[in-house]
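Fold and geometry: a report
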Amino acid sequence: MDDKSAEKAEEERRLTLVEELLLAREGAGPQATTSDTPRQANAAAVAREERPPFEADEKAHLQSISLRGYKCLRHLDVHLAGTNIFTGPNNSGKSTLLGALQILDAGIRTARRVEPTSKQTPDGSTYCYSVATERLTTSTENVHTDLADIETTVRFGFRKGYELSLWFPAAGGCYFYVSECEGRIPRSPKTFRDLVDINVRLVPVLGPLEHDEPLLQQATVDRNLATHRAARNFRNYWHHYPDDFEKFAELISSTWPGVTVEAPELTPGQPPTLHMFCQEHRITRELYWMGFGFQVWCQLLTHVSRVGSTDLLVIDEPETYLHPVIQRQLLAILRATGAQLLVATHSAPIVMGARPHEVFNIRRRARTARPERRPSRALAFQLGLLEDT
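For clarity, every value in this text was computed on a predicted model and none was experimentally measured. (Residues numbered from 1 in each chain as written. Predicted model: local features only at pLDDT ≥ 70, side-chain atom pairs only at ≥ 80, totals over all residues. Heavy atoms only, no water.)

1. As for the overall build of the protein chain
- Secondary structure summary: the protein chain contains 11 helices and 19 strands in total.
- Sorting the 389 residues of the protein chain into buried and exposed places 50% on the buried side.
- Looking at the protein chain alone, contacts between residues at least 24 apart form 64% of all its contacts between residues at least 6 apart.
- With an accessible surface of roughly 18200 Å², the protein chain has 49% of that area assigned to carbon and sulfur atoms. (Helix = DSSP H or I, 4+ residues; strand = E, 2+ residues; numbered from the N terminus. Buried < 20%, exposed > 50% of the residue type's maximum accessible area, 1.4 Å probe, protein only. Contact = heavy atoms within 4.5 Å. Areas by Shrake-Rupley, 256 points an atom, 1.4 Å probe, with all protein chains shown as cover.)

See the structure below:
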């Protein structure tokens, strides 16, 4: 076996281990039978995704996004599949699109906690929720296209037959409501929870860890999980949520050969601080002493370990600090979660690893975003992600 074949075989072995861990956590996944092996279950999922686009896809909980007057996306309709890779030039609207999903997440969380109030909306009088956007990383100061004095709406169509809407009046504010529903519009947190059973899992752009991480309250860690502060709270997350750490450590060992991670340790002081150590070829190192790529990989797999098969997994530029081989491995790991994927990226390995009907070339002046029909490699060349050599 030559070196290239050996490398591919080793990558396949690691991915099989990852699939076993993720599928075991999900009870072998909703589509797997008790006789399915993890590899067979994943192969079945791949076969389902290779159907032509826009056919029924059990992973496509969210089927469409329609934006009107939203930032640089004046008029855009996006038709989604189970795996969605958004690419395109800088400032084309990829992160803007994902930012709308962060506000959707804030709306869903609000509706699960408080009673709605009656308000006149673009869809007439209905029950809606005022959404606090001050702590979101997505700015709403420039939410209206070209800062125009207009109403802005973003609508999210779901497979179960309901539609959720964000409304930004010209006078200011952000409101969330159920704009379409086959039954009664929910009027309490319980009826909303019964209707909307999906979760939006947001992975922000990640960066290096802090050298000394002070111990934080669990509520602070939860609040920062989907923000740029997440990297500063990494050790705190595993300190407050130790139950899944063993699975996380197995994911690290199976995807980064020669390295094992240990649970965070509390160091007394004013304030108390947290440290995490890893073993690399029998040498103990604090995570801060490891390379930035490994630090980001640990954070990515932390988010992956939280994901369920009914979730929307939203990731902005996951390739930051990662080697191309690791980027290629990442897409297969994300698929194994069973979640619906919405990823914005400039990564050639990720784009080329996707199937053509999973790749969207986002353009700010386009009115419709549909999956590409061209091979992913050809699209990567066109966008400048690859160069002829």
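2. Digging into the packing of helix α7 (residues 245-255) against helix α8 (residues 292-305)
- The geometry of α7 relative to α8 is characterised by a closest axis approach of 10 Å and an angle of 130° between their N-to-C directions. Of the possible angle classes, the one that applies to α7 and α8 is oblique. Note that α7 runs across α8; the crossing there is right-handed. Across the interface between the two elements, F248, L251, I252 and T255 from α7 touch F294, W297, C298, L301, T302 and S305 from α8. (Axes fitted to C-alpha atoms, helices over the stretch in contact; angles between N-to-C directions. Parallel < 35°, antiparallel > 145°, perpendicular 65-115°, else oblique. Left-handed = near helix turned anticlockwise from the far one by under 90°.)

3. Section: the packing of aromatic side chains
- Counted under the stated rule, the structure contains 15 aromatic pairs.
- Both rings, one in Y237 and one in W238, keep their centres 5.0 Å apart while their planes meet at 85°; by these two values the pair is edge-to-face. Each member of the pair Y237 and W238 is classed as buried.
- Relative to F248, the ring of W238 lies with its centre 4.7 Å away and its plane at 25°, an arrangement referred to as stacked. Of this pair, W238 sits in helix α6 (residues 234-240) while F248 is found in helix α7, placing the two residues 10 residues apart along the sequence. (Phe/Tyr/Trp six-rings, centres within 6.5 Å; stacked < 30°, edge-to-face > 60°.)

4. Quick word on the pattern of salt bridges
- Summed over all chains, the structure comprises 13 salt bridges.
- Between D197 and K160 there is a salt bridge whose closest N-O contact spans 2.7 Å. Of the two residues, D197 is situated in the loop between α4 (189-195) and β9 (199-203) and K160 in the loop between β6 (152-158) and β7 (163-168); the sequence distance between them amounts to 37 residues.
- Assessed through its relative accessible area of 34%, D197 is described here as partly exposed.
- The shortest N-O distance in the salt bridge between E280 and R285 comes to 3.0 Å.
- Linked by salt bridges that have partners in common, D123, R155 and E163 make up one network. (Salt bridge = Lys/Arg side-chain N within 4 Å of Asp/Glu carboxyl O.)

5. Remarks on a positive patch on the surface
- On the surface, a cluster of positive charge is made up of R135, R223, R229 and R232.
- Inspection of the secondary structure puts R232 in the loop between α5 (218-224) and α6.
- Overall, R232 belongs to the partly exposed group, its relative accessible area being 43%. (Patch = residues over 30% accessible without salt bridge, like charges linked within 9 Å, V, L, I, M, F, W, Y side chains within 5 Å. Lys, Arg positive; Asp, Glu negative; His and termini not counted. Charge placed at Lys NZ, Arg CZ, Asp CG, Glu CD.)

6. Some remarks on the sheet that holds strand β12 (residues 265-267)
- As summarised here, the arrangement of the 3 strands in space is β10-β13-β12, forming an open sheet in which the pairing is antiparallel. Each edge of the sheet is formed by a strand with only one pairing partner; in this case those strands are β10 (213-214) and β12.
- Across 3 bridges, the pairing between β12 and strand β13 (residues 273-275) is antiparallel. Its bridge partner being in β13, E265 is matched across the sheet by H275. (Pairing = 2+ DSSP bridges.)

7. Some words on the packing of α8 against helix α9 (residues 324-336)
- Close contact between α8 and α9 brings their axes to 12 Å; oriented N to C, the two are set at 10°. With respect to α9, the element α8 is oriented roughly parallel. When α8 is examined against α9, the residues W297, L300, L301 and V304 are found in contact with a partner set consisting of I326, Q329, L330, I333 and L334.

8. Some words on helix α3 (residues 94-111)
- Helix length check: α3, at 18 residues, gives a terminal C-alpha distance of 27 Å against a target of 26 Å (1.5 Å per residue), a fit within 8%.
- In terms of burial, α3 is largely enclosed, as 16 of its 18 residues are buried. (Expected span 1.5 Å × (residues − 1).)

9. Description of the environment of C174
- Positionally, C174 belongs in the loop between β7 and β8 (175-180).
- Separated by 41 residues in the primary sequence, C174 and T133 have C-alpha atoms spaced 7.6 Å apart.

10. Some words on the pairing of strand β5 (residues 124-130)
- Note that strand β4 (residues 117-121) and β5 share 5 bridges and pair antiparallel. Note that in β5 the partner of Q120 across the bridge is S125.
- Linking β4 back to β5 in an antiparallel pair, the connection comprises 2 residues.
- Sheet analysis places β5 next to β8, joined by 3 bridges and oriented antiparallel. Each bridged residue has a counterpart across the sheet, and for Y129 the counterpart in β8 is F176.

11. Topic: unusual backbone geometry
- Look at the link from Q270 to P271: it is a cis peptide, with omega at 0°.
- Residue placement: P271 occurs in the loop between β12 and β13.
- In this model, L147 sits at a positive phi of 55°, which is unusual for a non-glycine residue.
- For L147, the position within the fold is in the loop between β5 and β6.

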